[in-house]
Amino acid sequence: MLRFWISSACLLLTLLVFASPSLADNKNNKGKSAQEKRDDQKIDNEKKDVKQAQDKLKDDQKDLQDAQKVLADAEGKEKTARQKLDEVRKRIEAKHEKTSGIEKALADQDAAKKAYDEAAAPVLKTLKAKPEYQAAAKKVAEAEARLKTIRADEGLSADAKRKEIAQASKDKMATGDLELTALEADSSAKSARAKLADAQDRVNQIRAKTRDLIDADSEIKSSLQAMRAAANATEVAGQKMQRIRDKLAADSAKLGREIQQVKQAEAADKANDNKNNKKPNKR
């Protein structure tokens, strides 16, 4: 779109200048005054400047087309490199996870979670029926509403807002604190919770080890390096294209100024011709 607009503008401006009858009219040098010769030379020089500006603009357009092709090629290569990295990573992950024991660890974690939920359910049911819990639940609801009001209050200073948010956030934990205390006091729930924590820790350990193995894989490293190189090439190509676009815009503006100067030289020439025509003939 930018290339089309500039080409159209360049053609239109050129036609406006060089189709002008006064510019197309080449007067005979015979009988010209010194002023007329200077005016003609001025117009000729300005027209040469226009031609040079047009040539620069054409060069810019060609450079932009070339840069766009380079960028498109770089983006295509980066996309391919990213796809390859994703494919390699998935394949390597599947290979390592197959021998990592993660499936059994996840199954153990699910079983431990189910056992904990079953042990915690009656404890929580009894707790929620107590007045202190219901009061805490009301406190949590009020804290949630207060947080919204505090965050929307632009009249509070940053320090005051920070303190009130901290207090409201603490109040939001009222029911959670009661639940944790009750569950810790129940031996069955406490034991089930400890087993769940162990199962979760086992899953996390396996996943961390798998990530280390994947990151250390030579094929992963190679694919990652290729992807980063492709991304850098895309960035460089994009920056170059932007520089050319900036130059093209500047040269387009310069062409407009040069054409305006031709018009000004033409107007000055016409004014001088009119002045000479009005002078009385000497006898």
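From a predicted model like this one, the values you see are computed outputs, not experimental measurements.

## Digging into the overall build of the protein chain
Scanning the protein chain from terminus to terminus reveals nine helices and zero strands. Out of the 283 residues belonging to the protein chain, those deemed buried represent 29%. Within the protein chain, contacts between residues at least 6 apart in sequence are counted, and of these 85% link residues at least 24 apart. By element, 52% of the accessible surface of the protein chain is carried by carbon and sulfur atoms, the whole surface being about 19600 Å².

## Here we look at the packing of helix H5 (residues 131–152) against helix H6 (residues 158–171)
One way to put it is that H5 packs onto H6 with a least axis distance of 8 Å and a crossing angle of 160°. By the angle between their axes, H5 is roughly antiparallel relative to H6. As H5 runs across H6, the sense of the crossing is left-handed. In this structure, H5 contributes Lys139, Val140, Ala143, Arg146, Leu147, Ile150 and Arg151 to the contact, and H6 contributes Lys161, Glu164, Ile165, Gln167, Ala168, Ser169 and Asp171. When the residues that make up the contact of H5 with H6 are grouped by side-chain class, the tally is six nonpolar, two polar and six charged.

## Some details on the pattern of salt bridges
Under the counting rule described, the total for this entry stands at 15 salt bridges. Between arginine 82 and glutamate 78 there is a salt bridge, with the nearest N and O atoms lying 2.9 Å from each other. Of this pair, arginine 82 and glutamate 78 both sit in helix H3 (residues 34–98), four residues apart, which is roughly one turn of that helix. We classify glutamate 78 as buried; its relative accessible area is 15%.

## Re the environment of arginine 193
Position of arginine 193 relative to the elements: it lies in helix H8 (residues 187–216). Residue arginine 193 is classed as partly exposed on the basis of its relative accessible area of 34%. In contact with arginine 193, not counting residues within four places along its chain, are Tyr116, Leu180 and Glu184. Of the polar contacts made by the side chain of arginine 193, one reaches the side chain of tyrosine 116; its length is 2.9 Å.

## Quick look at the environment of glutamine 54
Considering the arrangement of structural elements, one finds glutamine 54 in helix H3. The class for glutamine 54 is buried, based on a relative accessible area of 11%. Glutamine 54 sits 204 residues away from glutamate 258 along the chain, and the two C-alpha atoms are 9.7 Å apart.

## Describing the confidence of the model for the protein chain
On average, the protein chain scores 86 in pLDDT, and the residues at 70 or more come to 86%. Within the protein chain, helix H2 (residues 21–24) has the poorest average pLDDT of any element, 42, and helix H4 (residues 102–128) the best, 96.

## Brief notes about the side chain of aspartate 217
Relative to the helices and strands, aspartate 217 is located in the loop between H8 and helix H9 (218–278). In this structure aspartate 217 is buried but unpaired, with lysine 95 as the nearest side chain of opposite charge at 4.2 Å. Non-local contacts of aspartate 217, meaning those with residues more than four positions away in its chain, are made with Ile92, Lys95 and His96.

Scoring rules and cut-offs
Residues numbered from 1 in each chain as written. Predicted model: local features only at pLDDT ≥ 70, side-chain atom pairs only at ≥ 80, totals over all residues. Heavy atoms only, no water. Helix = DSSP H or I, 4+ residues; strand = E, 2+ residues; numbered from the N terminus. Buried < 20%, exposed > 50% of the residue type's maximum accessible area, 1.4 Å probe, protein only. Contact = heavy atoms within 4.5 Å. Areas by Shrake-Rupley, 256 points an atom, 1.4 Å probe, with all protein chains shown as cover. Axes fitted to C-alpha atoms, helices over the stretch in contact; angles between N-to-C directions. Parallel < 35°, antiparallel > 145°, perpendicular 65-115°, else oblique. Left-handed = near helix turned anticlockwise from the far one by under 90°. Nonpolar A, V, L, I, M, F, W, Y, C, P; charged D, E, K, R; others polar. Salt bridge = Lys/Arg side-chain N within 4 Å of Asp/Glu carboxyl O. Polar contact = N/O pair within 3.5 Å; in protein donor to acceptor, adjacent residues only side chain to side chain. pLDDT = per-residue confidence, 0-100. Lys, Arg positive; Asp, Glu negative; His and termini not counted.

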